[in-house]
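Chains, contacts and geometry: an overview
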Amino acid sequence: MSMGDRLLPPHEALEIILRHVRPLPVERVPLEEAGDRVLAEPLIADQDLPPFPAATMDGFAVIAGDVSPWREIIGEQFAGSQTSVEVTPGTAVRITTGAPLPPGADAVVPVENTELRDDHVVIHQEQVEVGENVRPVGADLRRDQVLVEAGTPIGPAEIGLLASLGKVEVPVFQRPRVSVLSTGDELVDPAQEPGPGQIRDSNRFSLVLAARRAGADVVWSGRGPDDPAALRRLLEERIAASDIVLTSGGVSVGDKDFVKEILDDLGTVHFRRLFMKPGKPLNFATVGDTLVFGLPGNPVSALVGFEVFVNAALRVMAGRRDVQPRPVPVVLTHDVQSGDRLEFQRGLVWADESGVLHARNTGPQASARLLSLVGANAFLLIPPREAPYRAGERVMAVIRGPIGPAPETPAE
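The text that follows walks through the structure, step by step, so that each part is easy to find. Owing to the predicted nature of the structure, the values given are computational and were not obtained by experimental measurement.

Parameters and conventions
Residues numbered from 1 in each chain as written. Predicted model: local features only at pLDDT ≥ 70, side-chain atom pairs only at ≥ 80, totals over all residues. Heavy atoms only, no water. Phe/Tyr/Trp six-rings, centres within 6.5 Å; stacked < 30°, edge-to-face > 60°. Buried < 20%, exposed > 50% of the residue type's maximum accessible area, 1.4 Å probe, protein only. Lys NZ or Arg CZ within 6 Å of the ring centre and 35° of its normal. Salt bridge = Lys/Arg side-chain N within 4 Å of Asp/Glu carboxyl O. Helix = DSSP H or I, 4+ residues; strand = E, 2+ residues; numbered from the N terminus. Core = buried A, V, L, I, M, F, W, Y, C linked by side-chain atoms within 4.5 Å. Contact = heavy atoms within 4.5 Å.

1. Examining the packing of aromatic side chains
Working definition: an aromatic ring pair is given by the centre-to-centre distance plus the angle between the planes. A full pass over the atoms with the stated rule returns 3 aromatic pairs. Ring geometry for phenylalanine 284 and phenylalanine 293: centres 5.1 Å apart, planes at 40 degrees, overall tilted. Accessibility expressed as a relative area gives 0% for phenylalanine 284, which makes it buried. Among the aromatic side chains, those forming a connected cluster through ring pairs are Phe271, Phe284 and Phe293. Directly above the ring of tyrosine 389 sits arginine 385, whose terminal nitrogen or CZ lies 3.8 Å from the centroid.

Next comes the structure, spelled out in structure tokens:
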């Protein structure tokens, strides 16, 4: 069944998608494999770190209130061990960075503020404060402190915290299983020389990499036939083995656009067409618990559809809290003509010296021109209106990459 072919605004389409997606089950993986996964439980400190007062630099552990100018060196304290020698008035212990403070000491005098005299040290510092150059117990982490919220991707800092707390197994959400299927008899593999009317398949490779970068496990990719029965069997097989199936092509209005008819028969098609450019013909269906996105065949339309809709679904499945980026205002540096639908123009956004974001598009915005996405770090959201958007006007943009310096070349 279908909800009809009306042009659905992108925000309504996204709301429909998010109503049909849930986080995947939790699994435990070794610490070494937890990088770039999504934490399924909050990381809570089960101890204070450091568990002992520690020196923050090389020097001498002393009693801050000791007024003795010369102090006998009664021992050494290195990181990774604990001396039993107790510091008393008139004495000091040589200490290295990170080493536990010896009993009796309450401060560390840096080595550059001292002078050695045989078995004594002379303190060349007028006043020593209690706690000086000492990292107290719990300075880094406090027991029962929530360090990382569930739904956070595990990066270098997060995995370092896990390691410091001895978490050798980490609870993470399962990776979404994704299958990627290109359709169309006109497609050939990149190694083949296209014949008359044929083109090389680029969508499959673009979508596979996009899915992997979004945290998915791509379990299969390939090309589908334009034979309805064979295509149906292939789709049924991939739907049974996947959390998300991505198809490109076969969702428009041509005689051989079979995907939308097959999806209508296999499950529920929630929408077929969107009030956006590029990416007007985009099918979203559910077959059991599997989400199926019938993306357009045009390369840019397929990737824009992926980033706006599929990426959000993958993030929810992977357990992430940050499902979609929040659009930000940018100042256009050139005139932009709007169309008859909300347009996701590929753009470059940069910040000036005062932090104001400026933007230009990447030149011709045809939905088959994959080059328009190369170097783009944003989608410029251009709503339809009669008059062009002028240089200096503000529009909203969805940032999709790092913001760098102003471009050296103007828009085409």
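From this point, the narrative continues.
2. Considerations on the pattern of salt bridges
Going through the model one piece at a time under the given rule, you end up with 23 salt bridges. Put simply, aspartate 265 and arginine 232 hold a salt bridge, and the shortest N to O gap is 2.3 Å. Of the two residues, aspartate 265 is situated in helix H5 (residues 259-266) and arginine 232 in helix H4 (residues 228-240); the sequence distance between them amounts to 33 residues. A salt bridge links arginine 238 to glutamate 237; its shortest N-O distance comes to 3.3 Å. The partly exposed category is assigned to glutamate 237, whose relative accessible area is 45%. Three or more residues joined by partner-sharing salt bridges are found here, namely Asp189, Asp201, Arg204 and Arg223.

3. Things to note about the nonpolar core
Ranked by internal contacts, the top residues of the largest apolar core, which has 46 residues, are Ile244, Phe271, Phe293, Phe306 and Phe309. If we skip the residues at most four places from it in the chain, isoleucine 244 touches Arg177, Val178, Ser179, Thr290, Leu291, Phe293, Ala313, Leu314 and Met317. With 15 residues, the next largest nonpolar core counts Val29, Leu31, Leu165 and Val170 among its residues.

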